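# Structural characterization, general
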Amino acid sequence: MNKYIYIITSLLLLFAIQTAPKSVYAQDDPIMIEVRRDEAHPVLRGFSELAFGTVLGTAVAGVPIISGVFINPFKLEGPLIAAALLYPAGVASGVILGGYLTQSYSNYWAPFVGAYAGAIVADITAFFLSDDYPIMSAILVIALPIVTSVIAAEASHAHEKHDAYYPFLLTIPF
């Protein structure tokens, strides 16, 4: 057991040595120079967020439904509940990815709040209107989380990068 601890420790130390900065110096100017990226046009950014949100939301919600059809095609309540809970998360992740690719500086949490708020409103509305308007209810359940997530991302779009909050960076460090 001790030799595994030594092996893991030495591998972590090797990784730390590899990622250490080559040279560090102090000067009057800031050490980090801010790289300014040109922002994409707001229409392109909104379309990208909308497209990626639709694609990732559909993919994430489709996995439990398709697996439920193959496991037990006559009992789909569980997969539909899982899809209803995962769909807004997939939509919000797609909106974040689409915004990141077009230099959006929105807050990370805003698309999630927008998607889940839209999903709750759409599900409650569809519950009461599904008997009279089934097609409209289905469209509402699919479209409203996407629209509210994009609106939330664009409303929280910051014009300066340091105002935005990203818990992790999607960049290559070299």
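Residues numbered from 1 in each chain as written. Predicted model: local features only at pLDDT ≥ 70, side-chain atom pairs only at ≥ 80, totals over all residues. Heavy atoms only, no water.

### Regarding the nonpolar core
Counting residues in hydrophobic clusters, the biggest one holds 10 residues: Ala61, Ala83, Tyr87, Val91, Ala92, Val95, Ala115, Ile146, Val150 and Ala153. Here the element with the most residues in this core is helix α3 (residues 77-101); it accounts for 5 residues. Once residues lying within four places of it in the same chain are set aside, the contact partners of Ala153 are Glu49, Val95, Ser106 and Pro111. (Core = buried A, V, L, I, M, F, W, Y, C linked by side-chain atoms within 4.5 Å. Buried < 20%, exposed > 50% of the residue type's maximum accessible area, 1.4 Å probe, protein only. Helix = DSSP H or I, 4+ residues; strand = E, 2+ residues; numbered from the N terminus. Contact = heavy atoms within 4.5 Å.)

### Description of the packing of helix α4 (residues 110-129) against helix α5 (residues 134-155)
Where α4 meets α5, the axes come as close as 7 Å, and the angle between the chain directions of the two elements is 160°. Viewed along their axes, α4 and α5 adopt a mutual orientation that is roughly antiparallel. Once α4 is placed against α5, the crossing between them reads as right-handed. Between α4 and α5, the contacting residues are Ala110, Pro111, Gly114, Ala115, Gly118, Ala119, Val121, Ala122, Asp123, Thr125, Ala126 and Leu129 on the first element and Pro134, Ser137, Leu140, Val141, Leu144, Pro145, Thr148, Ser149, Ala152 and Ala153 on the second. Split into classes, the residues belonging to the contact of α4 with α5 amount to 15 nonpolar, 6 polar and 1 charged. (Axes fitted to C-alpha atoms, helices over the stretch in contact; angles between N-to-C directions. Parallel < 35°, antiparallel > 145°, perpendicular 65-115°, else oblique. Left-handed = near helix turned anticlockwise from the far one by under 90°. Nonpolar A, V, L, I, M, F, W, Y, C, P; charged D, E, K, R; others polar.)

### A short note on the environment of Gly46
One can find Gly46 in helix α2 (residues 42-71). Spatially, the C-alpha atom of Gly46 lies 6.9 Å from that of Val150, the residues being 104 residues apart in sequence. In this view, Gly46 contacts Val150 and Glu154; residues no more than four positions away in its chain are not counted.

### Quick notes on α3
Note on helix geometry: an α-helix contains 3.6 residues per turn, so any two residues three or four positions apart are oriented the same way. For α3, which comprises 25 residues, the first-to-last C-alpha distance of 36 Å matches the rise-based estimate of 36 Å (1.5 Å per residue) to within 8%. Considering bend angle alone, the principal kink of α3 is centred on Leu86 and spans about 30°; proline Pro88 follows within four residues of it. (Expected span 1.5 Å × (residues − 1). Bend = angle between axes of the 7 residues up to and from the residue.)

### Examining α5
The end-to-end C-alpha separation of α5 is 31 Å, in line with the 32 Å expected for 22 residues at 1.5 Å each. If you look at α5, its biggest bend is around 35°, right at Ala143, and the proline Pro145 turns up within four residues after that. Taken together, the buried positions of α5 are Ser137, Pro145, Ile146, Ser149, Val150, Ala152 and Ala153. Elements that come into contact with the buried residues of α5 comprise α2, α3 and α4.

### Describing the pattern of salt bridges
Applying the stated rule across the entire model yields 1 salt bridge. As a salt-bridge pair, Arg45 and Glu154 come within 2.9 Å of each other at their nearest N and O atoms. Placement of the pair is Arg45 in helix α2 and Glu154 in helix α5, with a sequence separation of 109 residues. Residue Glu154 is classed as partly exposed on the basis of its relative accessible area of 25%. (Salt bridge = Lys/Arg side-chain N within 4 Å of Asp/Glu carboxyl O.)

### Here's the deal with the side chain of Ser149
Its place among the elements puts Ser149 in helix α5. Apart from the residues within four sequence positions on either side, Ser149 is in contact with Val91, Ala92, Val95, Pro111, Gly114 and Ala115.

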